[in-house]
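Analysis of the macromolecular model
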Amino acid sequence: IFLTGMFVNGFINVSITTLEKRFGLRSSEAGVISVGYDIAFCILTMFVTYFGSRSHRPRIISVGAFLLGVGGLIFSLPHFTTGLYSFEEGFARAVIICSTRSVLRCKNIYQFKHPSNFNKLIFAMIINYVYVFIFAQLINGVGCTPLYTLGLAVIEDSVPKESASLYLGIGNAASIFGPVLGYGLGGVVLSFWVDFDQIDTSNVNLTPSDPRWVGAWWLGTMISMACAFLLVIPFAGFPAQFKARQPFTHFLNTGTAQFRRMKNAEVDKTTGGEVAKEENFAKSYKDFPKALMMLAKNKTYVFVTLADCSEAILISGFTTFLPKIIESEFQQSAGTAALVAGVISIPGGMLGHVLAGLIIKCFNLKTANILKFNIVCCLCVCALSPSLLMYCRNRPVAGITIPYNNTNDLGGIMSTCNANCSCQEEFYIPVCGTDGINYFSACAAGCNEHIENGTDSYYNNCSCISTPSNNGWQASSGHCVTNDCNSLGAFLGVFCVCVMFTFMSSTPSLVVTFRVLPQRIRTFGLGVQWLFIRALGSIPGPIMFGTVIDLTCILWQKRICDGSKGSCWIYNSE
């Protein structure tokens, strides 16, 4: 669970912004990549839980771990099948500054590194890398389906009823700590240049704070792939059912089979609970419709499932785009945004899961009281949600967020002061003018002179900058440094508490699901519940978030080759 969270919800989500830059994706396309995992989960979960509950469950989980490793390998393939990333080599240096003649050159930076028959065979699919990432996510979803259904059922079957909430809370806490570590390590690996394994990075004159920086997004997936393969053999070695061990005297002679007999589900008799007690029930596919009908008639199960679906929309959306939101709303680099997103998830998510499990165990809460506890948690989340209204104002970017000097020109980087310049719009190379305004590039500022001082670049004779030169220059590379963005700390503090209350209802919901279903359809019920959570929550969530985020874009990348729209450079913070 820890590894799955680190890989699927950590490394992949934290790399969303980087993948958009590297492969020219939109946020809505990135959202589709994110939900590929959930699509596969939806397709398989009912069949895996219905037929797998009577099979050797640990071995099925072992196969899933192997497939997760394969998914990690496929997700990393685009890095190894493409050429080196080019951040400004697609056009001549003259275009960095103002030039009256067009010297734009089209260059495909997504071309294959070494053309071969194999590359040509898969070129039609890989030329649009979004399909490769979606396919990898589908494989990841297949691999993780047994873990979150059969795996949780194994835990619940192997502990006493009063302790199940604590054990499931620990398991759910691992599902939170995994993404947190993925965010943290993701921030670290993104501080390495994407092609550090192939070139001398000392020749890369960029820093992670530069908008053109692309970090080593593939490194985290390779680490996850290796860890997944290491889990295959240990999982395969577990028994189908756990037996009581001598050191645990209070569990003496109470293995999985005995724990099952000790648990009486709090079932509505009208839902068919007596039928589910039959020895041969759910052994044949003929009982499949009957089992589905029993679930549909269980009112508590249905409403808990719908509540989980509504929360899944928000959780999946924020899990995918929270680093991007922090990066855009609070003017942070991709690596820093990933780290702080992890920081608020560590205490919030883990404390929420474990604390909820302890409360249920210590107070021995019955099903009805657990549901009331969930309502209180949800009301607390509603009360804290206005924290999302905090943001930092957009940087002043000429032609985008503020007009050029002495004009009303908004909506593009071109104005009367740079009308004679042939400026590209594919690569965001910001410069800070002595007037305190950011410009898309030195060309957009109308600069005609380029001055290099070590790794720093300066520009002079800028027709769009009215203030006089400073030490022989009117603009310098990078964004202007501002001190008016101070709301990130307050946002992180309040949102951390909001995260805690959000996840405090997750473990109790799982406990209720296990309690209100008969033992023979318990695993199947969990699988069907996950199906609806993914189909109505986790799948539409990132797509909805990505689409809304795309609607706030005020400056799109415009590719040199065909003029098509790429990823978004600047969003409207408000």
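Going by the structure above, here's the rest.
Let us look at the structure shown here. If you're wondering where the values come from, they're calculated on a predicted model, not measured in any experiment. (Residues numbered from 1 in each chain as written. Predicted model: local features only at pLDDT ≥ 70, side-chain atom pairs only at ≥ 80, totals over all residues. Heavy atoms only, no water.)

Thoughts on helix α2 (residues 16-23)
Residues spaced three or four apart along an α-helix point in a common direction, a consequence of the helix completing one turn every 3.6 residues. Definition in use: Buried residues are those whose accessible area, probed at 1.4 Å on protein chains only, stays under 20% of the maximum for their type, while exposed residues exceed 50% and partly exposed ones sit between those limits. Counting from the N terminus, the helices are the DSSP runs of H or I reaching at least four residues and the strands are the DSSP runs of E reaching at least two.
Across the eight residues of α2, eight count as buried, placing the element largely inside the fold. If you check which residues of α2 are buried, you get I16, T17, T18, L19, E20, K21, R22 and F23. Directly beyond the C-terminal end of α2, a positive phi value near 65 degrees is found at G24.

A short note on helix α18 (residues 540-551)
For clarity, the cut-off: Helix span, as expected, comes to 1.5 Å for every residue beyond the first. Along the arc lie the directions from the helix axis toward the C-beta atoms. The contact rule is simple, with two residues in contact once any of their heavy atoms fall within 4.5 Å.
End to end, α18 covers 16 Å across twelve residues, agreeing with the expected 16 Å (1.5 Å per residue, within 8%). Turning to α18, its buried residues number three or more, namely G541, P542, F545, G546, I549 and D550. Down the axis, α18 shows its buried residues gathered within 155 degrees of arc, on one side only. Of the exposed residues in α18, the ones pointing more than 90 degrees away from its buried face are V548 and L551. Contacts made by the buried residues of α18 are with α3 (27-52), α12 (299-329), α17 (522-538), β6 (553-558) and β7 (565-571).

Remarks on the sheet that holds strand β4 (residues 456-462)
Heads up, the condition is: Strand pairing is assigned whenever DSSP identifies at least 2 bridges connecting the two strands.
Reading across from one edge, β2-β1-β5-β4-β3 is the order of the five strands in this open sheet, with antiparallel pairing throughout. Edge positions in the sheet fall to β2 (438-439) and β3 (447-453), since each of these pairs with one other strand and no more. Strand direction decides the pairing type here: β4 and strand β5 (residues 475-477), joined by two bridges, are antiparallel. Each bridged residue has a counterpart across the sheet, and for Y459 the counterpart in β5 is A475.

Comments concerning empty space enclosed by the protein
The test is simple: Grid points spaced at 1 Å and placed over the protein atoms alone form the basis of the search, with a cavity being a set where a 1.4 Å probe fits but cannot get out and a pocket an open set showing protein on both sides within 12 Å along at least five of seven lines. Lining residues have an atom within 4 Å of a point. Grid points are joined across faces, edges and corners, and a volume is the space filled by probe spheres set on the points. For the purposes of this description, domain bounds are those given by an automatic or database domain assignment.
Applying the stated criterion across every chain yields a total of four cavities of 30 Å³ or more. In this structure, the second largest cavity occupies an estimated 50 Å³ of space. When residues of the lining of the second largest cavity are traced back to their parent elements, those giving at least two are α1 (2-14), α2, α12 and α13 (334-363). No other element matches the four residues that α12 contributes to the lining of the second largest cavity. Two domains each provide a minimum of three residues to the lining of the second largest cavity, namely domain 1 (1-85 + 116-247) and domain 2 (267-392 + 488-573).

Some remarks on a nonpolar patch on the surface
To be explicit about the condition: For patch detection, residues must exceed 30% relative accessible area and be free of salt bridges, and they are connected within 9 Å for like charges or within 5 Å for nonpolar side chains (Val, Leu, Ile, Met, Phe, Trp, Tyr). Each accessible area is a Shrake-Rupley estimate made with a 1.4 Å probe; only the visible protein chains count as cover when residues are assessed. The salt bridge criterion pairs a side-chain nitrogen of Lys or Arg with a carboxyl oxygen of Asp or Glu, the two atoms within 4 Å.
There is a patch of nonpolar side chains on the surface, built from L185, V188, F192, F196 and L339 and spanning about 380 Å² of accessible area. With respect to the helices, strands and loops of the structure, F196 is situated in the loop between α7 (161-189) and α8 (217-236).

Overview of the state of the cysteines
To be explicit about the condition: Note on terminology: pairs of cysteine sulfur atoms within 2.5 Å are recorded as disulfides.
By the definition in use, this model includes seven disulfides. A sulfur-sulfur distance of 1.9 Å marks the disulfide that ties C392 to C485. Its S-S torsion of approximately 80 degrees makes the covalent link between C392 and C485 right-handed. Here C392, found in the loop between α14 (367-384) and β1 (431-433), pairs with C485, found in the loop between β5 and α15 (488-503); they are 93 residues apart in sequence, far enough to count as distant. Owing to a relative accessible area of 4%, C392 belongs among the buried residues under this scheme. Here C447 engages in a disulfide with C462; their sulfurs sit 2.0 Å apart. Across the S-S bond linking C447 and C462, the dihedral sits near 100 degrees, which makes this disulfide right-handed. Placement of C447 in strand β3 and of C462 in strand β4 is noted, with a sequence separation of 15 residues between them. Taking relative accessible area as the criterion, C462 reaches 4% and is therefore assigned buried. For the unlinked cysteine C496, the closest cysteine sulfur is that of C498, found at 9.8 Å.

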